[in-house]
4 protein chains.
Amino acid sequence: MKLHGIFPPVTTPFNQDGSLALDRLRENISRYNGTGVAGYVVIGSTGESVLLSRAEIEQVWAAAREAAADDKILIAGTGVDSTAETIDRTNRAAELGYHVALVKTPYYYKPQMTAEVHAEHYLRVADAARIPLLIYSVPQFTGVAVEAPLVARLGQHPNIIGIKESSGVVQRVGEILHLAPAGFQTLVGSATTFYPSMALGAVGGILAVADIFPELCVELYDACVAGDPARARARQERLLEPTMTLVAKLGIPGVKYAMDRVGYYGGPARRPLLPLNEAQRAESERVLEAVIGAGKSAD
Amino acid sequence: MKLHGIFPPVTTPFNQDGSLALDRLRENISRYNGTGVAGYVVIGSTGESVLLSRAEIEQVWAAAREAAADDKILIAGTGVDSTAETIDRTNRAAELGYHVALVKTPYYYKPQMTAEVHAEHYLRVADAARIPLLIYSVPQFTGVAVEAPLVARLGQHPNIIGIKESSGVVQRVGEILHLAPAGFQTLVGSATTFYPSMALGAVGGILAVADIFPELCVELYDACVAGDPARARARQERLLEPTMTLVAKLGIPGVKYAMDRVGYYGGPARRPLLPLNEAQRAESERVLEAVIGAGKSAD
Amino acid sequence: MKLHGIFPPVTTPFNQDGSLALDRLRENISRYNGTGVAGYVVIGSTGESVLLSRAEIEQVWAAAREAAADDKILIAGTGVDSTAETIDRTNRAAELGYHVALVKTPYYYKPQMTAEVHAEHYLRVADAARIPLLIYSVPQFTGVAVEAPLVARLGQHPNIIGIKESSGVVQRVGEILHLAPAGFQTLVGSATTFYPSMALGAVGGILAVADIFPELCVELYDACVAGDPARARARQERLLEPTMTLVAKLGIPGVKYAMDRVGYYGGPARRPLLPLNEAQRAESERVLEAVIGAGKSAD
Amino acid sequence: MKLHGIFPPVTTPFNQDGSLALDRLRENISRYNGTGVAGYVVIGSTGESVLLSRAEIEQVWAAAREAAADDKILIAGTGVDSTAETIDRTNRAAELGYHVALVKTPYYYKPQMTAEVHAEHYLRVADAARIPLLIYSVPQFTGVAVEAPLVARLGQHPNIIGIKESSGVVQRVGEILHLAPAGFQTLVGSATTFYPSMALGAVGGILAVADIFPELCVELYDACVAGDPARARARQERLLEPTMTLVAKLGIPGVKYAMDRVGYYGGPARRPLLPLNEAQRAESERVLEAVIGAGKSAD
């Protein structure tokens, strides 16, 4: 199972009343099908995983499965704090046709989330899962990180095939690549350090900014793989501000606002996330125009 | 609704197979009924809230309700990331007979969890809830804190009657007491700074260490209220090591281990939390003996 | 050597051209002599220790020595990163008549500043010093803290008689008081948690806000010692905003501005510290008026 | 003044009695003269700047100046907390023949070290300095960082020609490169992210690990400039463990120990820095052997 390339972690569309808008999800995915993305992450952090009930999550998985083109790899976000519930979600995603599970670290009881506890959790999930796993380390949301020695240890398990490393700490990416076994696949979650991470040996990215600009992300990936530093650097730089502003600062409401502006369905996020206020919309417009303008004049 | 005194945030007992042990919960509460505690928090962080399904949570609420003596105040932990789900849980707890809801801050999407987003969340929950609320700020688990100016603002809402401040930052407790409206009730979640917080004007505590040593906590509370610094200091000091070791370091498995040793049902925690290993059990024994020994020779 | 009570860490006055204004220092100290403060810290952090040359420091020590009343205890800030230079400064201060040295942790090479390195440093200084030492832990400036087990170990040395604990973390103060040997003296550097710290057993404070309001700090200390919680709480609350704003937020320029307003010589701080801008002056005025107003109507 | 390439921040050699060993310094530099390094930083953090007196610093500058080959660029570390003292040191270094000053951020009074205060400091130093400046941001020691918008603003000053960015945060390096004016030179201080930073447009590095392995660092630089990702990645990976262990974890005593082992004079660091203990020496040996062994079998 090769996970090379760009995977948008798709948003979960809602109607104005907050109910699931599954048709909008299918339409977004149909449109992404026409791009060079390698596949989709469904029910990741950007998919508002923590704001959905279990029943809703299964509806979203089913709808995305249905809409995805046959050549796209399907990754289900299945990790929650409970080990048992993580296993249950993972095997339900497998039944629904997902190829890989993205398993976020447990994190709530932080002082107890030692490397040993994380190891036991992942090994237990890996033993029970009917599809292979990616470790998912996202300290900006969870407050806990998976360090390279643990990744190297977990990478020995035949069912743990890689990691989504979202900390954006490039040294840590380098340590993982240095210590992990051959064939272990390191994907990154930080678009602002995508090219530097690829330079060290990462194989792809699960990038929220790819929900807005999938083709630009694919161009960046292609430039990295082709060994074209000037093109890679130019693409990397174009992604800097949208990632810092629309994704990191404004979060899901920022991503959805921008999606609406470039032809996808964004729509509202669920509460407590608030719609962009006027100043945030103006800031988003400036950033979007700069990216789109730069695209028109690009090499 | 006066929330003065000590409230144990009760643990959720499980059988060895991980299923709910509701009879053990009833027995624990029956025994706590005979102590001087003011009431109970059911489904707080110490109740493994994030490791239970919604259906299990309701079973636990019902069982605890049933077992609690009539003079005990019942507080339900109802806060989750989603505003709508928080409202739904709060009103379900109200139906089941709970007097107050303890509403944890939303926290997962940390960069978006501004004071404004928290304010909108709490005001919306407070408007919709059929019972009064306590704000619950616990940055050691959530990574986000509620600062005093926001507490002061939220305290204007007639349905937001207080806060459980668990950061252990005594200056912040002082700021809240300085800024909050008259009658707003500040309870603390940190046993190691309980007496200092009471000195500044806090009215009580929701203390995990009270699951193990309810009477010692009540003695500390009584000494604070009686204005007896020597007694308060001695009780405070006896609680220092069990809180640091059994609660803060070892977490729920440490609390449950100690409960088993002092006559309550502790039992296993749910995975990913692991049972204490041998070194941790030995450390727990040392701490328990020191507290119990000190109790025998106390004034 | 009893260090009970309030010690202002005196500012170092400068003329407008940046040169030392030693007469202004003598005048400030003369005026403090008439208050109930227990003594002075000269060349602490608030004395702009890191912005003075070694020669200037000795001039300041000599001038303060000369001006201090005979019943005031004199504490010299002597700690720098180098062990040898710390010893040299300490013994120079001893020659100049200082009673105690306040020895800040070395801190620049943070990853190497282990408990072992700090221990070796303090023991070496304590062996060589001709006056007793206070450990000085001030993580908000240094980025490193001294934890209670190390304090307890260092407290065994006959020449290490106490600590100035400036972190403001009340739990840590409690741990130090729990572990340190009998007779070890814990002073705190955080005015906002002075009463809570005294409640646990601290013996005094080295408080920058005492440069501005020495009598109010002495009243707070007296209320703590007298066991008068209502008076203590009222004084504690009056010190909250000036400490947060004038000391913590605005720093030395804020302290000096306020000193000028209440009859001491404040004058300019050295660059890179900038004079207060207009908004900061207005904020300072509001805070000063509130404290002074509250004083007029106080019990 | 082009600052492209590798600059070792040379260590300050001491005799066993702690006195300066200037001959050893000259010998080290003579040997570095034969490598491909672009120049030297003298009295940087690795030069134990904070453990030397001003008089010693001038002796070290003079000795290094004397020993350096004519084609090597000389950079003097001149930044201290005081603005006036920083200017004085900078112009003294200029008199001694240094080409560039490396000006560390003021940092002690952290809450006051706003962007505005840093800006005023740097602009004042730049106005007064007779040689051009590099900003020096090293948050792992100082606890404060210079963010990209301030770098961009300072880069407008004709006498501020670049930055040594030592945080190791590659996203921040990318932001600086994105915002800074054309011709502004970004050097990095983190060897573990050197290649990723060069990929984004950095022009060189001031790397403590180059004190031990100057040629390996030069090879890495050359591979980056030549656009040879495979060579760059291999060199980068070989530098990972020595940087993490000898530099980051063990600090100056680790760097000096390793220098002694590869033919330079390392010698003791000054107190409070302690010599490596037995376990640390064994760890260092393992790391050194791995690097040297990998070198023998390299492409």
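For the structure, check the block above.
## Section: the overall build of chain A
Line of reasoning, step 1. Scanning chain A from N- to C-terminus turns up twelve helices and nine strands.
Line of reasoning, step 2. The C-alpha radius of gyration of chain A comes to 18 Å, within 12% of the 19 Å expected for a compact globule of 299 residues.
Line of reasoning, step 3. Projected onto the principal axes, the alpha-carbon positions of chain A cover approximately 50 × 45 × 40 Å.
Line of reasoning, step 4. Each of the 299 residues in chain A was classed as buried or not, and the buried ones make up 65%.
Line of reasoning, step 5. The long-range fraction of contacts in chain A, counting pairs at least 24 apart against all pairs at least 6 apart in sequence, stands at 72%.
Line of reasoning, step 6. Here chain A has roughly 10,100 Å² of accessible surface; of this, 51% comes from carbon and sulfur atoms.

## Examining the arrangement of the chains
Line of reasoning, step 1. Nothing in chain A touches chain C, and the closest approach of their C-alpha atoms is 17 Å.
Line of reasoning, step 2. Considering only C-alpha positions, the minimal separation of the non-contacting chain B and chain D is 17 Å.

## Some details on the interface of chain D and chain C
Line of reasoning, step 1. Between chain D and chain C, the contact holds 36 residues from the first and 36 residues from the second.
Line of reasoning, step 2. Summing the contributions of chain D and of chain C, the shared interface buries around 3,000 Å²; its carbon and sulfur component is 62%.
Line of reasoning, step 3. When the buried surface of chain D facing chain C is broken down by residue, Tyr 108, Tyr 109 and Arg 271 of chain D rank first, second and third, together holding 26% of it.
Line of reasoning, step 4. The interface formed by chain D and chain C holds two salt bridges in total.
Line of reasoning, step 5. One salt bridge in this structure joins Glu 120 of chain C and Arg 271 of chain D, with 3.1 Å as the shortest N-O distance.
Line of reasoning, step 6. Elements with a minimum of two residues in the side of chain D that touches chain C: helix H4 (115-128), helix H5 (139-142), helix H10 (229-249) and helix H11 (251-261) of chain D.
Line of reasoning, step 7. Of the residues contributing to the side of chain D that touches chain C, the split by class is 18 nonpolar, nine polar and nine charged.

## Some words on the interface of chain B and chain A
Line of reasoning, step 1. Counting residues at the interface gives 36 residues for chain B and 36 residues for chain A.
Line of reasoning, step 2. In this structure, the connection of chain B to chain A is made through 16 residue pairs in polar contact (both at pLDDT 80 or more).
Line of reasoning, step 3. Among the elements of the structure, helix H4 (115-128), helix H5 (139-142), helix H10 (229-249) and helix H11 (251-261) of chain B are those that each provide at least two residues to the side of chain B that touches chain A.
Line of reasoning, step 4. Ranked by residue count, the leading element in the side of chain B that touches chain A is H4 of chain B, at five residues.
Line of reasoning, step 5. Classifying every residue of the side of chain B that touches chain A by side-chain character gives 18 nonpolar, nine polar and nine charged.

## Details of the pattern of salt bridges
Line of reasoning, step 1. Applying the stated rule across the entire model yields 76 salt bridges over all chains.
Line of reasoning, step 2. Put simply, Arg 130 of chain A and Glu 95 of chain A hold a salt bridge, and the shortest N to O gap is 3.6 Å. Taken as a pair, Arg 130 of chain A in the loop between helix H4 (115-128) and strand S6 (133-137) and Glu 95 of chain A in helix H3 (residues 83-95) lie far apart in primary sequence, 35 residues in all. Of the two residues, Arg 130 of chain A and Glu 95 of chain A, neither departs from the other in class, the shared state being exposed.
Line of reasoning, step 3. With a closest N to O distance of 2.6 Å, Arg 92 of chain B and Glu 58 of chain B form a salt bridge. Note that Arg 92 of chain B is positioned in helix H3 (residues 83-95) and Glu 58 of chain B in helix H2 (residues 54-67), a separation of 34 residues in sequence.
Line of reasoning, step 4. Of the residues examined, Arg 92 of chain B reaches a relative accessible area of 27% and is grouped as partly exposed.
Line of reasoning, step 5. Each of Arg 54, Glu 58, Glu 85, Asp 88, Arg 89, Arg 92, Glu 95 and Arg 130 of chain A takes part in a single network of salt bridges with overlapping partners.

## A short note on the packing of H10 of chain B against H11 of chain B
Residues and elements named next belong to chain B.
Line of reasoning, step 1. Taken N-terminus to C-terminus, the directions of H10 and H11 make an angle of 120°; their axes are 5 Å apart at the nearest point. Compared by their axis directions, H10 and H11 come out oblique. Here Leu 246, Val 247, Ala 248 and Lys 249 of H10 lie close against H11, whose contacting residues are Gly 251, Gly 254, Val 255 and Ala 258.

## Description of the sheet that holds strand S8 (residues 185-188) of chain A
Residue and element names in this part refer to chain A.
Line of reasoning, step 1. Taken together, the nine strands give an open sheet; going across it, the order is S1-S9-S8-S7-S6-S5-S4-S3-S2, and neighbouring strands pair in parallel fashion. What marks the edges here is a single partner per strand, and that holds for strand S1 (5-7) and strand S2 (9-10).
Line of reasoning, step 2. Here strand S5 (residues 100-104) runs beside S6; their pairing, made up of four bridges, is parallel. In the sheet register, Lys 104 faces S6, and the bridge partner there is Tyr 136.

## Notes on the state of the cysteines
Residue and element names in this part refer to chain C.
Line of reasoning, step 1. Scanning the model with the defined rule gives zero disulfides over all chains in all.
Line of reasoning, step 2. Looking at the unpaired Cys 217, the closest cysteine sulfur is the one in Cys 224, lying at 11 Å.
Line of reasoning, step 3. Exposure remark for Cys 217: the relative accessible area of 0% places this residue in the buried category.
Line of reasoning, step 4. We classify Cys 224 as buried; its relative accessible area is 15%.

## Quick look at the environment of His 4 of chain D
Residue and element names in this part refer to chain D.
Line of reasoning, step 1. Tracing the backbone through its elements, the reader meets His 4 in the segment before strand S1 (5-7).
Line of reasoning, step 2. Considering only alpha carbons, one finds His 4 and Met 259, 255 residues apart in sequence, at a separation of 24 Å.
Line of reasoning, step 3. Non-local contacts of His 4, meaning those with residues more than four positions away in its chain, are made with Ala 38, Gln 185, Val 203 and Tyr 221.

## With respect to the relation of the copies chain D and chain C
Line of reasoning, step 1. Its rotation angle being 180°, the transformation that places chain D on chain C also includes 0.0 Å of axial translation and leaves an RMSD of 0.0 Å. On this basis, the relationship between the two copies can be described by a two-fold rotation axis. Closest to the rotation axis within chain D is the C-alpha of Gly 143 of chain D, separated from it by 3.3 Å.
Line of reasoning, step 2. The fraction of interface residues of chain D whose copies in chain C are also interface residues reaches 100%, indicating that both copies meet through the same surface.

## Considering the relation of the copies chain B and chain A
Line of reasoning, step 1. With an RMSD of 0.0 Å, the fit of chain B onto chain A corresponds to turning through 180° and sliding 0.0 Å along the axis.
Line of reasoning, step 2. A high fraction, 100%, of the interface residues of chain B reappear at the interface in chain A, so the copies pair face to face through one surface.

## Describing the side chain of Ser 45 of chain D
Line of reasoning, step 1. Inspection of the secondary structure assignment puts Ser 45 of chain D in the loop between strand S3 (39-42) and helix H2 (54-67).
Line of reasoning, step 2. A relative accessible area of 5% means that Ser 45 of chain D is categorised as buried.
Line of reasoning, step 3. In terms of polar contacts, Ser 45 of chain D uses its side chain to reach the side chain of Tyr 108 of chain C, at 2.7 Å.

## What about the pairing of strand S8 (residues 185-188) of chain D?
Residues and elements named next belong to chain D.
Line of reasoning, step 1. The alternating pattern of S8 places Gln 185 and Leu 187 on one face and Thr 186 and Val 188 on the opposite face, and all of these are buried.
Line of reasoning, step 2. Two elements, strand S7 (residues 160-165) and S8, share four bridges in a ladder whose sense is parallel. Pairing of Ile 163 across the sheet is with Thr 186, part of S8.
Line of reasoning, step 3. The handedness of the S7 to S8 crossover, carried by helix H7 (residues 170-179), is right-handed.
Line of reasoning, step 4. Sheet analysis places S8 next to strand S9 (residues 204-206), joined by two bridges and oriented parallel. Note on S9: the bridge partner recorded for Leu 187 is Gly 204.
Line of reasoning, step 5. This β-α-β element, S8 to helix H8 (residues 194-200) to S9, shows right-handed connectivity.

## Quick look at H3 of chain A
Residues and elements named next belong to chain A.
Line of reasoning, step 1. Given a rise of 1.5 Å per residue, 13 residues ought to cover 18 Å, and the 19 Å separating the end C-alpha atoms of H3 matches this to within 8%.
Line of reasoning, step 2. Of all the positions in H3, only Thr 83, Thr 86, Ile 87, Arg 89, Thr 90, Asn 91, Ala 93 and Ala 94 are classed as buried.
Line of reasoning, step 3. Its side-chain oxygen at 3.4 Å from the backbone nitrogen of Ala 84, Ser 82 defines the N-terminal cap of H3.
Line of reasoning, step 4. Positive backbone phi, approximately 105°, marks Gly 97, located one or two places after H3.

## A word on unusual backbone geometry
Residues and elements named next belong to chain B.
Line of reasoning, step 1. For the bond from Arg 271 to Pro 272, the omega torsion is 15°, close enough to zero to count as cis.
Line of reasoning, step 2. By the element assignment, Pro 272 lies in the loop between H11 and helix H12 (278-296).
Line of reasoning, step 3. Backbone geometry at Ile 43 places phi at a positive 70°, although glycine is not the residue there.
Line of reasoning, step 4. Within the secondary structure layout, Ile 43 lies in the loop between strand S2 (39-42) and H2.
Line of reasoning, step 5. Judged by its relative accessible area of 3%, Ile 43 is buried.
Line of reasoning, step 6. Positive phi outside glycine occurs at Glu 48, with the angle close to 60°.
Line of reasoning, step 7. Considering the arrangement of structural elements, one finds Glu 48 in the loop between S2 and H2.

## Details of the pairing of strand S5 (residues 100-104) of chain C
On any regular strand, side chains alternate: one points to one face of the sheet, the next to the other face.
All names here are of chain C.
Line of reasoning, step 1. Counting buried positions along S5 gives five out of five residues, so the element sits mostly inside the fold.
Line of reasoning, step 2. Here S5 shows no split at all, with Val 100, Leu 102 and Lys 104 on one side and Ala 101 and Val 103 on the other all buried.
Line of reasoning, step 3. With three bridges joining them, strand S4 (residues 73-77) and S5 adopt parallel strand pairing. Each bridged residue has a counterpart across the sheet, and for Ile 75 the counterpart in S5 is Val 100.
Line of reasoning, step 4. Assessed by its sense of winding, the connection that carries the chain from S4 through helix H3 (residues 83-95) to S5 is right-handed.
Line of reasoning, step 5. For the crossover that starts at S5, traverses helix H4 (residues 115-128) and ends in the parallel strand S6 (residues 133-137), the hand is right-handed.

What counts and how
- Residues numbered from 1 in each chain as written.
- Chains lettered and ligands numbered in written order.
- Predicted model: local features only at pLDDT ≥ 70, side-chain atom pairs only at ≥ 80, totals over all residues.
- Heavy atoms only, no water.
- Helix = DSSP H or I, 4+ residues; strand = E, 2+ residues; numbered from the N terminus.
- Rg over C-alpha atoms; globule rule 2.2 N^0.38 Å.
- Buried < 20%, exposed > 50% of the residue type's maximum accessible area, 1.4 Å probe, protein only.
- Contact = heavy atoms within 4.5 Å.
- Areas by Shrake-Rupley, 256 points an atom, 1.4 Å probe, with all protein chains shown as cover.
- Buried area = accessible area lost by both parts, 1.4 Å probe.
- Salt bridge = Lys/Arg side-chain N within 4 Å of Asp/Glu carboxyl O.
- Nonpolar A, V, L, I, M, F, W, Y, C, P; charged D, E, K, R; others polar.
- Polar contact = N/O pair within 3.5 Å; in protein donor to acceptor, adjacent residues only side chain to side chain.
- Axes fitted to C-alpha atoms, helices over the stretch in contact; angles between N-to-C directions.
- Parallel < 35°, antiparallel > 145°, perpendicular 65-115°, else oblique.
- Pairing = 2+ DSSP bridges.
- Disulfide = S-S within 2.5 Å.
- Least-squares fit on C-alpha atoms with pLDDT ≥ 70 in both.
- Right-handed = clockwise from strand over helix to strand, strands pointing away.
- Expected span 1.5 Å × (residues − 1).

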